[in-house]
Amino acid sequence: MRAKERSMSFWSDPYYYYDGTSISGHYCTFVEPLYDAEGKLVCVCGADMTFEWLSKELKQIDYASKQDDLLNRYLLNKDLDFFTVVLNDDGTCLTHPEGKGVSMKDEHVISDLQQRKSGKVKMIVGGKSATVYYGPIRNIEWAVAVIVPDQNVQQPVIMAGVTLLTVVVLGLIVIWMLLKRKSYAEES
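Every chain is numbered on its own, with residues counted from 1 as its sequence reads. A pLDDT threshold of at least 70 governs which residues receive local features in this predicted model, and a stricter bar of 80 or more applies before side-chain atom pairs are shown or counted, although totals over entire chains, interfaces and linings include all residues. Side-chain metrics rest on all non-hydrogen atoms present in the structure, leaving aside hydrogens and water.

Novice: In this structure, what is going on with the nonpolar core? I would like to understand it.
Specialist: Across soluble globular proteins, nonpolar side chains show a tendency to be buried alongside one another. Here, the term nonpolar core denotes a set of buried Ala, Val, Leu, Ile, Met, Phe, Trp, Tyr and Cys residues that are joined through side-chain atoms within 4.5 Å. Partly exposed describes any residue whose relative accessible area lies between the buried limit of under 20% and the exposed limit of over 50%, with all areas from a 1.4 Å probe on protein chains only and scaled to the type maximum. One finds V85, M104, V125, V132 and I147 to be the most contacted residues of the largest nonpolar core, which totals 17 residues. In contact with V132, other than residues within four places in its own chain, are M104, G119, K120, V121, M123, V125, A145, V146 and I147. With nine residues, the next largest nonpolar core counts M49, V86, L94 and I140 among its residues. Any two residues having at least one pair of non-hydrogen atoms within 4.5 Å are treated as being in contact.

Novice: Sorry if this is basic, but what is going on with the sheet that holds strand 8 (residues 128–136) here?
Specialist: Remark on secondary structure: sheet strands pair via backbone hydrogen bonds, oriented parallel or antiparallel. Between any two strands, at least two bridges found by DSSP are needed for them to pair. Every helix listed is a DSSP run of H or I at least four residues long, and every strand listed is a run of E at least two residues long, numbered separately from the N terminus. The five strands are arranged 6-5-9-8-7 in an open sheet whose pairing can be described as antiparallel. In this open sheet, the two strands that pair with only one neighbour each are strand 6 (93–95) and strand 7 (119–125). For this sheet, the mean inter-axis angle between neighbouring strands, taken without regard to orientation, is 40 degrees. In the sheet, strand 7 pairs with strand 8 via seven bridges, with the strands oriented antiparallel. Counterpart to K120 in the pairing with strand 8 is Y133. Angular values range over 0 to 180 degrees, each being the angle between N-to-C directions of two axes fitted as lines to C-alpha atoms, with helices fitted over their stretch in contact. Across the sheet, helix 4 (residues 107–114) touches strand 5 (83–88), strand 7, strand 8 and strand 9 (142–149), and the angle it forms with strand 8 is around 20 degrees.

Novice: Would you explain unusual backbone geometry in this entry?
Specialist: Residues other than glycine predominantly adopt negative phi, and peptide bonds predominantly adopt the trans conformation. The phi torsion at S7 lies on the positive side, around 55 degrees, for a residue other than glycine. Tracing the chain through its elements places S7 in the loop between helix 1 (2–6) and strand 1 (10–11).

Novice: Would you mind showing me how to read the side chain of N88 here?
Specialist: Within the secondary structure layout, N88 lies in strand 5. Beyond its immediate stretch of four places on either side in the chain, N88 contacts L94, L113, E141 and W142.

Novice: Please explain the packing of aromatic side chains as it appears in this structure.
Specialist: Stacked, tilted and edge-to-face pairs are distinguished by plane angle, under 30 degrees for stacked and over 60 for edge-to-face with tilted covering the rest, among Phe, Tyr and Trp rings (Trp via its six-membered ring) whose centres lie within 6.5 Å. Applying the stated criterion across every chain, the model contains five aromatic pairs. Ring centres 6.1 Å apart and planes at 15 degrees place the aromatic pair Y15 and Y27 in the stacked group. With Y15 in strand 2 (residues 15–17) and Y27 in strand 3 (residues 25–35), the pair connects residues that are 12 residues apart, well separated along the chain. Here the aromatic cluster, defined as three or more aromatic residues joined through ring pairs, consists of W11, F30, F51 and W142. Whether a charge sits over a ring depends on NZ of Lys or CZ of Arg being within 6 Å of the ring centre and within 35 degrees of the ring normal. It is R6 that lies over the ring of F10; its NZ or CZ is 5.3 Å from the centre.

Novice: Where do I start with the environment of V42 in this structure?
Specialist: Relative to the elements of secondary structure, V42 occurs in strand 4 (residues 41–50). Once residues within four sequence positions are removed from consideration, V42 is found in contact with L34, Y35 and D36.

Novice: For this particular structure, what's the right way to read the side chain of D150?
Specialist: Within the secondary structure, D150 sits in helix 5 (residues 150–187). Two N or O atoms form a polar contact when they lie within 3.5 Å of each other; inside protein one atom must be a possible hydrogen donor and the other a possible acceptor, and for residues adjacent in sequence the pair counts only when both atoms belong to side chains. A polar contact of 3.0 Å, which involves the side chain of D150, links it to the side chain of K122. Within polar-contact distance, the side chain of D150 engages the side chain of S129 at 2.4 Å. Those residues within four positions of D150 in sequence are excluded, and the remaining contacts are K122, S129, A130 and T131.

Novice: I tried to follow helix 4 on my own but got confused; where do I start?
Specialist: Since the α-helix turns once every 3.6 residues, residues separated by three or four places project in the same direction. Listed as buried for helix 4 are V109, I110, D112 and L113. Around the axis of helix 4, the buried residues are gathered within 160 degrees of arc, so they sit on the same side. Every exposed residue of helix 4 that faces more than 90 degrees away from the buried side is listed here: E107 and H108. Considering only its buried residues, helix 4 is in contact with strand 5, strand 7, strand 8 and strand 9. The N-cap of helix 4, judged by a side-chain oxygen 2.8 Å from the amide nitrogen of H108 a few residues on, is D106. Just beyond helix 4, the residue with positive phi is R116, at close to 65 degrees. By construction, the arc corresponds to the directions joining the helix axis to the C-beta atoms.

What follows is the structure in structure tokens.
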């Protein structure tokens, strides 16, 4: 009915399907109305997708991204711990890696999701400070969000700072030793 009323394709709201078999689970359905050459509705087709499948796909995307040379080129920290989730327009997490769900409660973020805008927000995720980058998925009323714990961003900067500080201290020690040696040589 909704496809007929809208005259356009859409994704259904998530639902749980149970029939006591191995295909029971959380689903979402893509619905597409089909029309003949005269514009008359012929039928409505649909394809189901499980959220378990989508979670596995997100996990593979995260893994591939963490191995990406371009992403890792300037980072000293190779143990990136970011992850990706899918949100609906009210901030509810539809799918996520196991045990890593996030719920968006910030009114500004929910407004952005409903208006199909991208953005970022600082929040506590899993007891740790993180930055959440979010944006709409084209042709779907959902958004994708990438959660990056702040330690992933700060650790390379801290390591670079410690390295720079070490080089400066060693340089000062070498200069001090050279000046002391020169002073000793002049006294002799």
